[in-house]
Amino acid sequence: SIRAHSKLLGPTNYLDSGEFTMTSPSSYYFTIIYEDGYHNVTNGVFNKTTLPIGSLSHAILTNGITSMVEGTSSTTGAFSVMTALKTVQLPNTLTHIGNNAFQNSTNLINIKYGNNPKIKRIGESAFQGCTSLENVYIPSSVIDINNKSFYQSTKVRTVTFGGGSRLKSIGSDAFNSNVLENIVLPNTVKYINDTAFYNGFNNNPITNFIIPSSLEYIPNMFGLNGKISNLYIPISVTMVPGPRRHV
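What you see is a predicted model; the values in this text were computed from it and never measured.

Visitor: Can you tell me about a positive patch on the surface, naming the residues and giving the values?
Guide: A cluster of basic residues, Lys120, Arg166, Lys168 and Lys190, forms a positive patch on the protein surface. Mapped onto the secondary structure, Lys120 falls in the loop between strand 10 (110-112) and strand 11 (121-122). Using a relative accessible area of 43% as the deciding quantity, one classes Lys120 as partly exposed.

And the structure:
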């Protein structure tokens, strides 16, 4: 049989059971130890955390967790609206980050991965509204970045793709309302949906954008961005959209 436990580490106490109390909530480390059927983990899926909003500052998910619950709103993702959360460490066994997973976790600044991440999909609105996040790393294993993955994360300045990236698609509004300046997409990207880099309400400062030769069609992905000074379009591109009004 499979049993499970979780550990809550804090400055004043250490608990190794399913029940715990909070004495200094904002400074706790919460570690999910994967053993099926206990504390937010069911068949390898990490469900919505039951910790109170504002109680969790650092989360470490251990190997054995393969996915996250698919949120259906801004408050139903695995760690959505955890406003004290600053860092999260994701395990090598995780294959996708669920919809709304960290949406509106407004103090999240650091997303850590293992030495051999296997994440294939970043879910819709997974990091939407993470307004303290500045630097984003996309592991080479990621194939799909879904709609609004980093939408309204208004301090994101850099996006770095892992070497040997397998990325194929970037969804609508994925990086809408960021403050990106230089973007070099992997030479594997085949699909970029409309408004992926649209300037919704920020004065988006993208100045350099390198489009990969794997792309054949350029959608209306820039929106109102009027600051692009260096745009490289490879010869493989056969279609470029004309002027279009974004409503």
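Visitor: Tell me about the sheet that holds strand 15 (residues 169-170), residues and numbers included.
Guide: The five strands are arranged 9-11-13-15-17 in an open sheet whose pairing can be described as parallel. Here the strands that pair on one side only, and so sit at the sheet edges, are strand 9 (96-97) and strand 17 (191-192). With two bridges connecting them, strand 15 and strand 17 associate as parallel partners. The partner of Ser169 across the bridge, within strand 17, is Tyr191.

Visitor: Before we move on, can you summarise the nonpolar core with the specific residues and values?
Guide: Phe79, Leu90, Ile97, Phe102, Phe127, Ile145 and Phe197 are the most contacted members of the largest nonpolar core, which has 50 residues in total. Contributing elements (two or more residues each) for this core: strand 6 (58-61), strand 12 (135-138) and strand 14 (158-161). Apart from the residues lying within four places of it in its own chain, the contact partners of Phe79 are Phe46, Lys48, Thr49, Leu56, Ala59, Leu61, Leu85, Ala101, Phe102 and Ser105.

The rules behind these values
Residues numbered from 1 in each chain as written. Predicted model: local features only at pLDDT ≥ 70, side-chain atom pairs only at ≥ 80, totals over all residues. Heavy atoms only, no water. Patch = residues over 30% accessible without salt bridge, like charges linked within 9 Å, V, L, I, M, F, W, Y side chains within 5 Å. Areas by Shrake-Rupley, 256 points an atom, 1.4 Å probe, with all protein chains shown as cover. Salt bridge = Lys/Arg side-chain N within 4 Å of Asp/Glu carboxyl O. Lys, Arg positive; Asp, Glu negative; His and termini not counted. Charge placed at Lys NZ, Arg CZ, Asp CG, Glu CD. Helix = DSSP H or I, 4+ residues; strand = E, 2+ residues; numbered from the N terminus. Buried < 20%, exposed > 50% of the residue type's maximum accessible area, 1.4 Å probe, protein only. Pairing = 2+ DSSP bridges. Core = buried A, V, L, I, M, F, W, Y, C linked by side-chain atoms within 4.5 Å. Contact = heavy atoms within 4.5 Å.

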